[in-house]
Amino acid sequence: MSTTTSLTASDAVARARQLIPELRERAAQTAADRRLPQSGIERLREAGVLKTIQATRNGGAALGIRSHLDVMSALGQG
C-alpha cells in the first residue's frame, strides 16, 4: 500500500475495512496480550491508516477528525 499523503477519506476507510479479517484472526492473541501485536501495528502502518489526521507536511493525510473516526470505527469492527 502507498503512503498517506495522497490518501482520501474513502480510501482510508476502505483500507481499514480490508484489515478487519486479519484483525479478527488476531483477536484472541490481542486480548490475551492486552495489546495489538507488533505485526498488527506494522500492518496498520503499511495501510496508512495511522496518520489520518496528521498534517501532510509531517507525512500524514490531513483528513480531519470525522475521517479519522470513520477509520477507527472500521478498525474497531476487527
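Quick summary incoming for the structure in this document.

A few words now on helix α4 (residues 38–47). Listing the buried residues of α4 in full gives Gly40, Leu44 and Ala47. Down the axis of α4, the buried side of the element spans an arc of 65°, and every buried residue falls inside it. Looking at the buried side of α4, the elements it contacts are α1 (9–18) and α5 (65–76). Looking at the residues trailing α4, positive phi occurs at Gly48, about 80°.

Here the focus is the nonpolar core. Counting residues in each nonpolar core, the largest one holds 13 residues, and the members touching the most others are Ala16, Leu19, Leu44, Val49, Val71 and Leu75. Counting residues per element, the ones that place at least two in this core are α1, α4 and α5. Setting aside residues no more than four positions away along its own chain, Ala16 makes contact with Val49, Val71, Ala74 and Leu75.

A few words now on the side chain of His68. With respect to the secondary-structure elements, His68 resides in helix α5. Look at His68 and you get buried, because its relative accessible area is 18%. Beyond its immediate chain neighbours, meaning those up to four positions away, His68 contacts Thr52 and Ile53.

Using the criterion set out here, one finds five salt bridges in the structure. A salt bridge links Glu42 to Arg45; the shortest N-O distance between them is 2.6 Å. Of this pair, Glu42 and Arg45 both sit in helix α4, three residues apart, which is roughly one turn of that helix. Judged by relative accessible area, Glu42 falls into the partly exposed class, the value being 29%. The shortest N-O distance in the salt bridge between Arg43 and Glu46 comes to 3.1 Å. Taken together, the residues span about one helical turn, with Arg43 and Glu46 both in helix α4 at a distance of three residues. Since its relative accessible area comes to 42%, Glu46 is described here as partly exposed.

Basis of the calculations
Residues numbered from 1 in each chain as written. Predicted model: local features only at pLDDT ≥ 70, side-chain atom pairs only at ≥ 80, totals over all residues. Heavy atoms only, no water. Buried < 20%, exposed > 50% of the residue type's maximum accessible area, 1.4 Å probe, protein only. Helix = DSSP H or I, 4+ residues; strand = E, 2+ residues; numbered from the N terminus. Arc of directions from axis to C-beta. Contact = heavy atoms within 4.5 Å. Core = buried A, V, L, I, M, F, W, Y, C linked by side-chain atoms within 4.5 Å. Salt bridge = Lys/Arg side-chain N within 4 Å of Asp/Glu carboxyl O.

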